[in-house]
Amino acid sequence: MKSKLKVGIYGLTGCAGCQLSIIFNEDELLDLLSLIDLRAFPFIKGHNLDEEFDLVFMEGLVASNNDLELLKKIRAKTKILVALGACAHTGCIPAYRHWTLKEDYEHLLYRKDEIIKDQEPTPIDAHVKVDFVIPGCPPDKQEILNFIKDILNGKTPRPYNNPVCIECKRNYNDCLLIKGKLCMGPITAGNCNAVCINGGFECWGCRGPSGDANYTAYINLLREKGFSDKFIKTRMKLFAGLKLKTEEAFDDKDKLDILTCTFC
Amino acid sequence: MTHTINLNHITKIEGHASLYVEIKDNKVMKCRLSSIEGSRYFEGLLKGKHYFEAHEISSRICGVCSCAHTVAAVTAMENALNIKTTKQTKELKKLLTLGERIRSHAAHLYFLALPDYLGYESALAMLPKYRKEVKSALRLMKLGNKLVKVVGGRDLHPVSLTVGGFLKIPTKDQLIELANDINELQPDAFATAKLFGSLDIPDIENDCEYFSLHDEKEFPILEGNLISAGSTFKQSEYLDYFKEYHEPYSTANFVVREDKSYLVGAISRINNNYNKLSKDAKRAITTSKIKFPSKNPFANNFAQAVELVHCLDHSIEICNELYPRQENPIQPKLKASRGLAAIEVPRGILFHDYTLDKKGIITKANIITPTAQNLKNMEDNIKKFIPSILHLKNEEKINLEIEKLIRSYDPCFSCSTHFLKVKWDK
């Protein structure tokens, strides 16, 4: 008999929401656990073995030297490393610090022990090779299950590149862009079943850019609708700023542009 | 003889933390509990954002209590902009908060706390012998998630609540279905309370102030004064009473009252609001030796289990009494203003405090989480507790007892800004 897939689930700096998205598969969790060898999951396990892994889900972004150390250590022992959720994938909201004026957050910097050193907030692929991404803030629970099923069945999971709008139309939602909301559905990768728009809320782009996003056309559309460049930029950078190549679409240079981050 | 306890990366808690203790001649000389999360500077990121963006951003502070941050941010903005929300909005906000409390308590009790008491490393390791209990936990978590999803549109980081009301309102049919689901799980909640009321806990007394909200109408969720056994004050006075400070060894804030640590959470809520508990919840308390008001920090687990019973009862009441109608969120008149909301969330009182300019842009944000308030008290109690367990001699056993104490607070270190790998130096 083939030995079970050795799995680890870890969190760097983050909110634990992505790890919860695995646990919150309440009906499937016990069956899933019987199919894998869950060697490490410090969030809910006291004994964690980290000798070697076939598959690791990594939540969170790199925001301290501790994060970087753990990430590198685990990467070296892991065959398939998965960036789980927006922080690991794009840096999510904490990475918006790249476009925040230092004077707005500097005073919040506490004196710290030697062991904790702040690091530029960055997604994990800025530091190590990432094999797959399960995007989203939070990631879709079903997508996580489908991913594990694919791996167990020897299939290669494929990224989903279509924009949110496709599923949104399928769900017969009213278009929030037409209703005057800054909805990022047209330029954002879907496979979330347009969950925010189903709930009445516009897409903020947490799953990162779709495969064929046309930023210039999209930004011009937003300008026509009367949104200011400042508002557009802020919104576009909040969840996936480090993954959107939007600079060429803006021609004015206000101070937010001057703070172009190191990874753009 | 001096020796140290050094617990790097404590497991089975939310977030990352470590503990350092120095002991000399059976006396604790130094004790420091630190969050070792990377800093995310949420209050800095909120500056310059619009009033209607704060809840979507601050929700990301914590996945476990994303509804809490959403509701607190929205309510603070409503208070700033003088929006009087409808009764329906208030009831739906409560349902969202109750759903989150149910799933959070169920997850903490069974997945993080219980394994310690039954002698397992995790709930997963308990499966062969305690499958029934683990399944009960999963059912309760599923119920909490369903409540959150129906009301909030998504089970983590809810989307349907906005400043002034809800963007999408559940139907009566959905509420009836929820009420039926809750009804089915009431025995699970009661069994949880019986189980946690029967666990052997160390007999220690934590002589501090136990703070919670106090609402004349019901067991506190969204409003009320701040009270403890000896004091009462208004929410707006919180900064006069609670002081935040930073310790150099932690990325989290510490909060004290009159230089003394205090405690928030389920145990404080029950200590201060016993009369407002549902009948079932009061009946659940009678099954245990633990009585309220309790000063034993280990009793917080039982308090959470009692709250589970209460939260199911309260949720069913809202589902039965609410006949939802379509209403749009109320649009505010913008003005320079300041708004505060203190609400009860799974781990205690959560404060969101925003200052807005005349265009509704955030110029200052102050967020104080329950774990930040409890950190100092945790430290104080670890200090007091350690001498009573040194006779155990075995390092593993001592560490386990310390971890049990820490976990009974249900700390959430993401919020305040993982747990215990113990290193002993002798």
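Everything that follows concerns the structure shown earlier in this document.
Residues numbered from 1 in each chain as written. Chains lettered and ligands numbered in written order. Predicted model: local features only at pLDDT ≥ 70, side-chain atom pairs only at ≥ 80, totals over all residues. Heavy atoms only, no water.

Colleague: For this particular structure, what's the right way to read the overall build of chain B?
Modeller: When its secondary structure is counted, chain B shows 13 helices and 16 strands. Principal-axis analysis of the C-alpha atoms gives chain B an extent of 65 × 45 × 35 Å. Relative to its full complement of 426 residues, chain B shows a buried share of 69%. For chain B, the exposed area adds up to about 15200 Å²; of that, 49% sits on carbon and sulfur atoms. Chain B carries 59 positive and 51 negative side-chain charges, and their two centres are separated by 1 Å. (Helix = DSSP H or I, 4+ residues; strand = E, 2+ residues; numbered from the N terminus. Buried < 20%, exposed > 50% of the residue type's maximum accessible area, 1.4 Å probe, protein only. Areas by Shrake-Rupley, 256 points an atom, 1.4 Å probe, with all protein chains shown as cover. Lys, Arg positive; Asp, Glu negative; His and termini not counted. Charge placed at Lys NZ, Arg CZ, Asp CG, Glu CD.)

Colleague: Please explain the overall build of chain A as it appears in this structure.
Modeller: Broken down by element type, chain A carries eleven helices and seven strands. In chain A, which comprises 264 residues, the proportion classed as buried is 59%. If you take every contact in chain A between residues at least 6 apart in sequence, the share linking residues at least 24 apart comes to 72%. As displayed, chain A has an accessible area near 11300 Å², and 52% of this comes from carbon and sulfur atoms. (Contact = heavy atoms within 4.5 Å.)

Colleague: Where do I start with the environment of leucine 7 of chain B in this structure?
Modeller: All names here are of chain B. Assignment of secondary structure puts leucine 7 in strand S1 (residues 2-8). The exposure class assigned to leucine 7 is buried, which follows from its relative accessible area of 0%. In the structure, leucine 7 is positioned eleven residues away from serine 18 in sequence and 5.2 Å away in space, judged by C-alpha atoms.

Colleague: What is the right way to read the sheet that holds strand S8 (residues 225-227) of chain B from this model?
Modeller: Neighbouring strands of a sheet are bound in pairs by backbone hydrogen bonds; such pairs are parallel or else antiparallel. All names here are of chain B. Strand order in the open sheet made by the three strands is S7-S8-S9, with antiparallel pairing throughout. What marks the edges here is a single partner per strand, and that holds for strand S7 (212-214) and strand S9 (232-233). Where S8 lies against S9, two bridges are found, and the strand directions are antiparallel. Paired with leucine 226 across the two strands is phenylalanine 233, which belongs to S9. Contacts from helix H8 (residues 266-273) reach S7 and S8, with the element oriented near 35 degrees to S7. (Pairing = 2+ DSSP bridges. Axes fitted to C-alpha atoms, helices over the stretch in contact; angles between N-to-C directions.)

Colleague: Is there a simple way to explain the pairing of strand S1 (residues 5-11) of chain A in this structure?
Modeller: On a regular strand, each side chain points to the face opposite its neighbour's, so the side chains alternate between the two faces of the sheet. Residues and elements named next belong to chain A. Among the seven residues of S1, six are classified as buried, and the element is accordingly described as predominantly covered. Sheet analysis places S1 next to strand S2 (residues 36-40), joined by four bridges and oriented parallel. Bridge pairing in S2 places glycine 8 opposite alanine 40. In this sheet, strand S3 (residues 53-59) lies alongside S1 in parallel orientation, the contact comprising five bridges. Note on S3: the bridge partner recorded for glycine 11 is glutamate 59.

Colleague: Please clarify how the packing of helix H4 (residues 87-118) of chain B against helix H10 (residues 300-321) of chain B should be interpreted in this entry.
Modeller: For any two helices packed against each other, one specifies the crossing angle of their axes together with the interaxial distance. All names here are of chain B. Interaxial distance between H4 and H10 falls to 9 Å at its minimum, and their mutual angle equals 150 degrees. Looking at the two axes, H4 sits roughly antiparallel to H10. Remark: the crossing between H4 and H10 carries left-handed chirality. Contact with H4, carried on its side by Glu91, Lys94, Leu95, Leu98, Arg101, Ile102, His105, Ala106, His108, Leu109, Ala113 and Tyr117, involves Asn301, Gln304, Ala305, Glu307, Leu308, Cys311, Leu312, His314, Ser315, Ile318 and Cys319 of H10 and no other residues of that element. The residue inventory of the contact of H4 with H10, partitioned by class, reads 13 nonpolar, six polar and four charged. (Parallel < 35°, antiparallel > 145°, perpendicular 65-115°, else oblique. Left-handed = near helix turned anticlockwise from the far one by under 90°. Nonpolar A, V, L, I, M, F, W, Y, C, P; charged D, E, K, R; others polar.)

Colleague: In this structure, what is going on with the interface of chain A and chain B? I would like to understand it.
Modeller: Size of an interface, as often reported, equals the accessible area lost when the parts are brought together. The interface of chain A with chain B comprises 58 residues on the first partner and 64 residues on the second. When chain A packs against chain B, close to 5500 Å² is buried across both sides, 65% of that on carbon and sulfur atoms. For the salt bridge of aspartate 27 of chain A with lysine 142 of chain B, the shortest nitrogen-to-oxygen distance reads 2.6 Å. Ranked by residues supplied to the side of chain A that touches chain B, first place goes to helix H10 (residues 229-240) of chain A with five residues. Its residues assigned to classes, the side of chain A that touches chain B comprises 32 nonpolar, 15 polar and eleven charged. (Buried area = accessible area lost by both parts, 1.4 Å probe. Salt bridge = Lys/Arg side-chain N within 4 Å of Asp/Glu carboxyl O.)

Colleague: Explain the state of the cysteines here, please?
Modeller: What makes a disulfide is a covalent bond joining the sulfur atoms belonging to two cysteines. Taken as a whole and assessed by the stated rule, the structure comprises zero disulfides over all chains. Of the cysteine sulfurs around cysteine 87 of chain A, a residue in no disulfide, the closest is that of cysteine 92 of chain A, at 4.4 Å. Note on cysteine 311 of chain B: no disulfide assigned, nearest cysteine sulfur contributed by cysteine 319 of chain B at a separation of 13 Å. (Disulfide = S-S within 2.5 Å.)

Colleague: How should I be thinking about the packing of aromatic side chains in this particular structure?
Modeller: To describe a pair of aromatic rings, you give the distance between the ring centres and the angle between the ring planes. All names here are of chain B. Inspection of the entire model under this criterion finds 23 aromatic pairs over all chains. Here phenylalanine 233 and phenylalanine 242 contribute two aromatic rings whose centre-to-centre distance is 5.6 Å and whose plane-to-plane angle is 70 degrees, an arrangement assigned as edge-to-face. Residue phenylalanine 242 is classed as buried on the basis of its relative accessible area, which comes to 3%. Pairing phenylalanine 242 with tyrosine 262 gives two aromatic rings, centres 4.4 Å apart and planes at 15 degrees, and the pair type is stacked. In this pair, phenylalanine 242 is assigned in strand S10 (residues 242-246) and tyrosine 262 in strand S12 (residues 262-263), connecting sequence segments 20 residues apart. Put simply, the rings of Phe211, Phe233, Tyr238, Tyr241, Phe242, Tyr262 and Phe351 pair up and form one aromatic cluster. Residue placement shows lysine 172 over the ring face of tyrosine 323; its charged tip is 4.0 Å from the ring centre. (Phe/Tyr/Trp six-rings, centres within 6.5 Å; stacked < 30°, edge-to-face > 60°. Lys NZ or Arg CZ within 6 Å of the ring centre and 35° of its normal.)

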